[in-house]
Amino acid sequence: MSIPQSGGGPIESRDQLAEYLESGCKPVEDWRIGTEHEKFGYCKDTLRPLPYDGPRSIKAMLEGLRDRYGWQPVMEGDNLIGLTQGGANISLEPGGQLELSGAPLETIHQTCDEVNEHLREVKSIADEIGAGFIGLGAAPIWTHDDMPMMPKGRYRLMTGYMGKVGTHGTQMMYRTCTVQVNLDFASEADMVKKLRVALALQPLATALFANSPFFEGKPNGHKSWRSRIWRSLDDARTGTLPFVFEDGFGFERYVDYALDVPMYFVYRDGKYIDALGQSFRDFLDGKLPALPGEVPTLSDWADHLTTIFPEARLKKYIEMRGADGGQWRRLCALPALWVGLLYDQSSLDAAWDLVRDWDLETREALRVAASVDGLQARTHGIDMLTLAKQALEIAEAGLVARGKPGSGGMVPDETHFLNALKDSVETGQTPADELLTRYHGDWHGDLTRIYAEYSY
């Protein structure tokens, strides 16, 4: 989750909220790619999650990365809760999941190099303290009681609130991991088309990257349990945003939606002030019970936008949020998929043609089917495997059209980053299918084998 925002003066007019989103518009030559991914840390001898403190811990990981590789510390009170370097940051999810939020980079070659370097740094520190890291969509064995809580005020507030608004919120917070990519838009019209395609095709990403078939020590009946969790978390701030597909959608309509999402907190002087369930509309009028008489700043608005969790999220860019965390090749494949679909106009138009006739019922049914059946999903006349083939063809054409070379010009474009997804389509097997085959086969039901064989 996000590091607190800073800067920005008081909001004097509601117009500033839409202007904040609109300020993300960039010319094509300035579009960038920001890749984020989370992974679970564990103690190699016990296979239990890393605590925050101690010689073998999340804090020890952060200190090692700081001291050896020059990352700058991010503190909350006396606690080291993140790192920053060169436009990238490392942060902590509630249960200690370690997240890299990458710098905005021009090509997938660069963002993949960044991921690889980060994992190399993490492994070098983890090996020394007896820790390991694994990329999965959900913790396969640990229970809620097994999980530590990171010392962040935001998470203390959210943990108590989740049980009031849904049934699976703390599962999401403490026992899931994702990989995301953040992409730019040129104009309001470009944002609208990209966000519609992103929301409609997010179930495709869920299916292709499905990697959470186990929970609390056994198969859970879903290829992506992480995706299942999001459907019972908090209806006020999750989902597929049907209003995005309505005529007239734009920045102003997204502001209306965000204003109706109940608040979590206000961040002041290094502390999170409880504003759970309160209204940002009241905040604009100086009537927020948590801070009576105060009006929000633009950084408060930026913070509030980070507490909204739809399948694709609008800030000054668009976040793709439907994929399970996974192994290295898949961390590079996700940006390849979405850059190929969205960063070339012909490909974006072709992707929109794939989904433009789907109604709300179809989109919702596809989301459910993707979490249960992955690439084997079939619903409302849509075969997920066929859809995946069509989407990958479009994405590949988009990457060819971009023509961004790598390795000093030896690699002509970014299409090879799609190979992991092509393999899945050719075999019909997602990572979840592979894991289930191993579990029922040579693992003989021993899920502890997953750590030795699937860690970074």
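The structure we're discussing is the one just above.
The structure presented is a predicted model; accordingly, all values stated were derived computationally and were not measured.

> Any chance you could explain the environment of C177 here in plain terms?
As for its position among the elements, C177 is in the loop between helix 5 (169-175) and strand 7 (178-183). Relative accessible area serves as the criterion here: at 0%, C177 is assigned to the buried category. On a C-alpha basis, the gap between C177 and D78 in space is 26 Å, while along the polypeptide they are 99 residues apart. Sequence-distant contacts of C177, that is, excluding residues within four places in its chain, are made with E38, K39, F40, Q97, L136, G137, R226, D324 and G325.

> Got a minute to help me understand the state of the cysteines in this structure?
One covalent bond between the sulfur atoms of two cysteine residues makes up a disulfide. All chains considered together, the criterion is met by 1 disulfide. C112 shares a disulfide with C332; S-S distance 2.0 Å. Between C112 and C332, the disulfide has an S-S torsion of 80 degrees and is therefore right-handed. Of this pair, C112 sits in helix 3 (residues 108-129) while C332 sits in helix 11 (residues 328-342), and the two are 220 residues apart along the sequence. Among the cysteines around C43, which has no disulfide bond, C177 carries the closest sulfur, lying 16 Å off. Judged by relative accessible area, C43 falls into the buried class, the value being 6%.

> Looking at this structure, I do not really get a negative patch on the surface. What am I missing?
A contiguous patch of negative charge on the surface is contributed by D15, E19, E22 and E188. Among the elements that make up the negative patch, the one with the highest residue count is helix 1 (residues 15-22) (3 residues). Secondary-structure assignment places E22 in helix 1.

> I keep staring at helix 2 (residues 58-69) and nothing clicks. Help me out?
In an α-helix there are 3.6 residues to a turn, and that puts residues three or four apart on one side. In a regular helix each residue adds 1.5 Å, so 12 residues correspond to 16 Å; helix 2 covers 16 Å between its end C-alpha atoms and thus fits that length. For helix 2, the complete set of buried residues consists of I58, A60, M61, L62, G64, L65 and Y69. Residues of helix 2 that are buried make contact with strand 3 (79-85), strand 4 (88-92), strand 5 (98-101), helix 3 and strand 6 (131-134). Positive backbone phi, approximately 80 degrees, marks G70, located one or two places after helix 2.

> Before we go on, may I ask you to explain the side chain of S347 in this structure?
By secondary structure assignment, the location of S347 is in helix 12 (residues 345-355). Only 3.1 Å separates the side chain of S347 from the backbone oxygen of I394, close enough to count as a polar contact. Residue contacts for S347: discarding those within four places in its chain leaves G340, L341, I394, A397 and G398.

Each value, and the rule that gives it
Residues numbered from 1 in each chain as written. Predicted model: local features only at pLDDT ≥ 70, side-chain atom pairs only at ≥ 80, totals over all residues. Heavy atoms only, no water. Helix = DSSP H or I, 4+ residues; strand = E, 2+ residues; numbered from the N terminus. Buried < 20%, exposed > 50% of the residue type's maximum accessible area, 1.4 Å probe, protein only. Contact = heavy atoms within 4.5 Å. Disulfide = S-S within 2.5 Å. Patch = residues over 30% accessible without salt bridge, like charges linked within 9 Å, V, L, I, M, F, W, Y side chains within 5 Å. Areas by Shrake-Rupley, 256 points an atom, 1.4 Å probe, with all protein chains shown as cover. Salt bridge = Lys/Arg side-chain N within 4 Å of Asp/Glu carboxyl O. Lys, Arg positive; Asp, Glu negative; His and termini not counted. Charge placed at Lys NZ, Arg CZ, Asp CG, Glu CD. Expected span 1.5 Å × (residues − 1). Polar contact = N/O pair within 3.5 Å; in protein donor to acceptor, adjacent residues only side chain to side chain.

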